[in-house]
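# Breakdown of the fold
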Amino acid sequence: MTANQPPENNAPQTPAGPPQSPPPGADPAFTAGQPQAPDAAPGTYPPAAFAPQPPAPQKKSVLKRFLVTIVGVIVAIAIGIAVRSGVFDSPSMKVGDCVQQVGEDDVKVVDCSSADAQYSILGIVEKQSQISARMGACKEFPDTTSVYWEGRNKGNGTVYCMKKL
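Conventions used here
Residues numbered from 1 in each chain as written. Predicted model: local features only at pLDDT ≥ 70, side-chain atom pairs only at ≥ 80, totals over all residues. Heavy atoms only, no water. Pairing = 2+ DSSP bridges. Helix = DSSP H or I, 4+ residues; strand = E, 2+ residues; numbered from the N terminus. Axes fitted to C-alpha atoms, helices over the stretch in contact; angles between N-to-C directions. Phe/Tyr/Trp six-rings, centres within 6.5 Å; stacked < 30°, edge-to-face > 60°. Lys NZ or Arg CZ within 6 Å of the ring centre and 35° of its normal. Patch = residues over 30% accessible without salt bridge, like charges linked within 9 Å, V, L, I, M, F, W, Y side chains within 5 Å. Areas by Shrake-Rupley, 256 points an atom, 1.4 Å probe, with all protein chains shown as cover. Salt bridge = Lys/Arg side-chain N within 4 Å of Asp/Glu carboxyl O. Buried < 20%, exposed > 50% of the residue type's maximum accessible area, 1.4 Å probe, protein only. Contact = heavy atoms within 4.5 Å. Disulfide = S-S within 2.5 Å.

## Some details on the sheet that holds strand 3 (residues 98-102)
With antiparallel pairing, the 5 strands of this open sheet are ordered in space as 4-3-5-7-6. The open sheet is flanked by strand 4 (106-110) and strand 6 (146-151), the only strands paired with a single partner. Across the sheet, the mean angle from the axis of one strand to that of its neighbour is 40°, orientation sign disregarded. Looking at chain direction, strand 6 and strand 7 (residues 157-164) are connected through 6 bridges and run antiparallel. Residue pairing across strands places Trp149 opposite Val159, the latter belonging to strand 7.

## Here's the deal with the packing of aromatic side chains
Overall, the coordinates contain 1 aromatic pair when judged by the stated rule. Positioned over the ring face of Tyr119 is Lys164, at 5.1 Å from the centre of the ring.

## Details of a nonpolar patch on the surface
Judged by side-chain polarity, Leu63, Phe66, Leu67, Ile70 and Ile74 come together as a nonpolar surface patch covering roughly 510 Å² of accessible area. Topologically, Phe66 is positioned in helix 1 (residues 62-85).

## Re the side chain of Gln100
In this structure, Gln100 sits in strand 3. The exposure class of Gln100 is buried, given its relative accessible area of 17%. Residues in contact with Gln100, not counting those within four places in the same chain, are Asp106, Val107, Lys108, Val110, Asp116 and Gln118.

## Brief notes about unusual backbone geometry
In this model, Lys127 sits at a positive phi of 55°, which is unusual for a non-glycine residue. Checked against the element boundaries, Lys127 lands in strand 5 (residues 119-128). A relative accessible area of 56% means that Lys127 is categorised as exposed.

## Remarks on the state of the cysteines
Evaluation of the coordinates by the stated rule reveals 2 disulfides. Between the sulfur of Cys98 and that of Cys112 lies a disulfide, 2.0 Å long from S to S. Measuring the twist about the S-S bond at about 100°, one finds the Cys98-Cys112 disulfide to be right-handed. Here Cys112 lies in the loop between strand 4 and strand 5 and Cys98 lies in strand 3, a separation of 14 residues in the sequence. For Cys98, a relative accessible area of 4% translates into the label buried. Exposure remark for Cys112: the relative accessible area of 41% places this residue in the partly exposed category. Two residues share a disulfide in this structure: Cys138 and Cys161, whose sulfurs sit 1.8 Å from each other. On the S-S bond that ties Cys138 to Cys161, the torsion sits near -85°, and the link is left-handed. In this pair, Cys138 is assigned in the loop between helix 2 (130-134) and strand 6 and Cys161 in strand 7, connecting sequence segments 23 residues apart. Comparing Cys138 with Cys161, the two get one shared label, buried. Each bonded cysteine of the protein gets a number by its place in the sequence, and the pairs then read 1-2, 3-4.

Structure follows, in C-alpha cells:
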C-alpha cells in the first residue's frame, strides 16, 4: 500500500447515480422497504397519520384521597349539626310587624293599617322548644295575649310574643 492510495474498504459500495425505479408490478409508494408518500422524494418518510398521545394523568395517592374524604365527612357533619341546631334559621317576622292568622297553626305578615291585621309582634325569643313557648317564654312581655312558635318539630325554634289588636 502506498501513501497516496485510499485504504481498502470491504463494505459493499452503492452505485452512485440517479435513483432506480421500482421493479415492474411493485407499488411506487414503497421503495427499498421504506414507505414514502407518492409525491415525496425517495428515502423520505410520510408525515405521521396521528398525533402523539398525551401522557396518562398520574393517579392521586391513596393517602391524599383518604384525607379529602375525611375532610368532606367532617364538613358534612358540621353543616348537619349547624342546620339541626338552627344556626341558619332566621326569624321571618320582626318586632312591630302585624300579622293575620291563617289556618290553625300559621300566620302571615300584613300591613298594620289593613283590616286583616289581627296581632302585633311585641317580642321575639329565639332558640326555644315548642313546649317552652307554651310554658312562658313570653314572660318578659306582659302585654302578650297570644304566642306563635316557628321551627322544626322536636327542635328549637323562634317564639313570637303577640298582642291582639
